[in-house]
Amino acid sequence: MIIRASPSNPIDMHNTQTYEDDGEIDLRQLVSTLWQQKGLIAGIGVLGAALGVGGSLLSTKYVTEGLLLTPSVSATDYKRYESVLSSGARLEEFLRLAAQTDSNDGQRLQKLADKPTGLQEAIKPEFALTDKDQKAFGIKADGDAQNALVGLRIRYADKDPSNGTPLALLAEYVRDSLIKIDLAGATLTNCNTHATRAQELRNQQIQNEFTINQEEKRIAGLREIIARHPNAGTAESRQIVSLGNGTERFLSPVAQLVAAEIHVADLKLTEAQRERDRTASELKRKYYCDAEAALRQPVSGRKLLGELQNIQTSAFQSHDRATDIVEQTWNELELERERWHNTYLTGMRFVAPPEGTEVRERKPGRALGIALGGLLGATLAVFGVLVRAWWSNTADETSTKP
């Protein structure tokens, strides 16, 4: 509505000015202002898009990833591995022992060791079934099946192409760590077990020897009694004698002699079996304790597996391999070492070879970077133009006030 002045309706200029400053927004004026500055807005939008492309290019990483199969353990047992695998100092020690500190791949992995969470991001457990898998397959797995570790997801990313070779070295670090962790537990446990077992068997052997000696003296005494009393052995065959509470002495001397000789024979059989067990325990104690001592030295996991053959040969050098129990113990340790070899050197492998699978990854992508950069640049330009127009109008109004 347009208000016109008339003699009967004079216009109060003060009130009119107040009406115009009511805070209403004139959209035509805003559009006009933006249109006048369209070149500036477009230029800033293009600059934002260029920055978005630059940010996308700067975020480019060359990524290699693979699933390394490992011995199957539960999620709880995996905690034994996690603290070691995520240790930068442990990775540095591995690179030093493998003479890879100054190699290109070694220097790349050194960067992971220097980052606080570098190894945790590069090595992650892969369990049998995740919640996502169960939903996708429409199944419900129990805790054991769901929490079983099937492998480790190993990922290496760098700004420069690497052809995937650092991933192979990182997998070797994982293998080396698992060998040392598992063998350290096995050798220490068996060293202590067989050291204690050998001592227990020796004590039992001493007691057994004393019992045999006592029984042999008893046999000699019974023979003297029979020699002095020849008719003592002709007791009534239909006699019933309780053998409880030491009443076996009321049996005829001949019956007691036979029982004592049978007892001695049984004790000697037990002694022979116990001696076999003690020999086996002594050999295993020597082998496992020497292996545990070797593991405490700065040595790689692969080298330690190879050294176990020499440790076993040294432990058996003072024993005749032709003896049945010695041969049996040797074969048991040989089979165990072969199982370790198959588990860690043959069984631990990538599901698919990672060589040649390096991919280029950008976050955000180039198209998304252009769109986000252009939109953000144009938005900031519009805001800046409106703020400048408002500031100019405010300054003009302030300068025209009386």
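Please read all numbers here as calculations on a predicted model, not as lab measurements.

1. Here's the deal with the overall build of the protein
So, step 1. If you tally the helices and strands in the protein, you get 14 helices and 4 strands.
So, step 2. The proportion of buried residues among the 402 residues of the protein is 30%.
So, step 3. Sequence separation of at least 24 residues holds for 80% of the intrachain contacts in the protein that already meet a minimum separation of 6.
So, step 4. On the protein, roughly 25,300 Å² of surface is accessible, and the fraction owed to carbon and sulfur atoms is 56%.

2. Let's talk about the confidence of the model for the protein
So, step 1. Of all residues in the protein, 67% attain a pLDDT of 70 or more, and the chain-wide mean is 76.
So, step 2. Note that pLDDT drops below 50 for residues 1-22; the model gives that stretch 5 contacts with residues more than four away or on any other chain.
So, step 3. Below pLDDT 50 for its whole length, residues 240-244 participates in 7 contacts with residues either more than four positions away or in separate chains.

3. Quick look at unusual backbone geometry
When glycine is set aside, most residues are seen to have a negative phi, and most peptide bonds are trans.
So, step 1. At Ala-99, a residue that is not glycine, the phi angle is positive and equals roughly 55°.
So, step 2. Overall, Ala-99 belongs to the exposed group, its relative accessible area being 66%.

4. A word on the pattern of salt bridges
So, step 1. Taken as a whole and assessed by the stated rule, the structure comprises 19 salt bridges.
So, step 2. The salt bridge partner of Asp-290 is Lys-286, with a shortest N-O separation of 3.3 Å. Of this pair, Asp-290 and Lys-286 both sit in helix H11 (residues 253-295), 4 residues apart, which is roughly one turn of that helix.
So, step 3. Exposure remark for Asp-290: the relative accessible area of 27% places this residue in the partly exposed category.

5. Re the nonpolar core
So, step 1. By size, the foremost hydrophobic cluster in this structure holds 51 residues, and its most contacted members are Leu-85, Ile-123, Leu-170, Tyr-173, Val-174 and Leu-183.
So, step 2. Ranked by residue count, the leading element in this core is helix H10 (residues 165-228), at 11 residues.
So, step 3. The residues contacting Leu-183, other than those within four sequence positions of it, are Leu-295, Leu-304, Leu-305, Leu-308, Trp-340 and Tyr-344.
So, step 4. In terms of nonpolar packing, the next biggest core, distinct from the first, is built from 7 residues, Leu-222, Leu-257, Val-264 and Leu-267 among them.

6. Things to note about the state of the cysteines
So, step 1. Counting across every chain of the model gives 1 disulfide.
So, step 2. With a sulfur-sulfur separation of 1.8 Å, Cys-191 is cross-linked through a disulfide to Cys-289. Handedness here is read from the sign of the S-S torsion; for Cys-191 and Cys-289, about 90°, the answer is right-handed. Of this pair, Cys-191 sits in helix H10 while Cys-289 sits in helix H11; the two residues are 98 residues apart in sequence, bridging distant segments of the chain.

7. Details of a nonpolar patch on the surface
So, step 1. Where nonpolar side chains cluster on the molecular surface, the patch consists of Val-254, Val-258 and Ile-262 and spans about 230 Å² of accessible area.
So, step 2. Secondary-structure assignment places Ile-262 in helix H11.

8. Focus: the packing of helix H6 (residues 104-114) against H10
If you want to describe how two helices pack, look at the angle between their axes and the distance between the axes.
So, step 1. Two elements in contact, H6 and H10, have axes whose closest approach is 9 Å; the angle formed by their N-to-C orientations is 65°. Between H6 and H10, the angle falls in the class roughly perpendicular. The two elements H6 and H10 meet at a crossing, and its hand is right-handed. Judged by residue contacts, Asp-105, Gly-106, Arg-108, Leu-109 and Leu-112 of H6 engage Thr-165, Pro-166, Leu-169 and Leu-170 from H10.
So, step 2. Broken down by class, the residue content of the contact of H6 with H10 amounts to 5 nonpolar, 2 polar and 2 charged.

9. Quick word on the packing of H11 against helix H13 (residues 324-347)
So, step 1. H13 packs onto H11 with a crossing angle of 40° between their chain directions and a minimal axis gap of 9 Å. Taken together, the axes of H11 and H13 are oblique relative to one another. Handedness of the H11/H13 crossing: right-handed. Contacts between H11 and H13 involve Arg-276, Thr-279, Ala-280, Leu-283, Lys-284, Tyr-287 and Tyr-288 from the former and Asp-324, Ile-325, Val-326, Gln-328, Thr-329, Glu-332, Leu-333, Glu-336, Arg-337 and Trp-340 from the latter.

Conventions used here
- Residues numbered from 1 in each chain as written.
- Predicted model: local features only at pLDDT ≥ 70, side-chain atom pairs only at ≥ 80, totals over all residues.
- Heavy atoms only, no water.
- Helix = DSSP H or I, 4+ residues; strand = E, 2+ residues; numbered from the N terminus.
- Buried < 20%, exposed > 50% of the residue type's maximum accessible area, 1.4 Å probe, protein only.
- Contact = heavy atoms within 4.5 Å.
- Areas by Shrake-Rupley, 256 points an atom, 1.4 Å probe, with all protein chains shown as cover.
- pLDDT = per-residue confidence, 0-100.
- Salt bridge = Lys/Arg side-chain N within 4 Å of Asp/Glu carboxyl O.
- Core = buried A, V, L, I, M, F, W, Y, C linked by side-chain atoms within 4.5 Å.
- Disulfide = S-S within 2.5 Å.
- Patch = residues over 30% accessible without salt bridge, like charges linked within 9 Å, V, L, I, M, F, W, Y side chains within 5 Å.
- Axes fitted to C-alpha atoms, helices over the stretch in contact; angles between N-to-C directions.
- Parallel < 35°, antiparallel > 145°, perpendicular 65-115°, else oblique.
- Left-handed = near helix turned anticlockwise from the far one by under 90°.
- Nonpolar A, V, L, I, M, F, W, Y, C, P; charged D, E, K, R; others polar.

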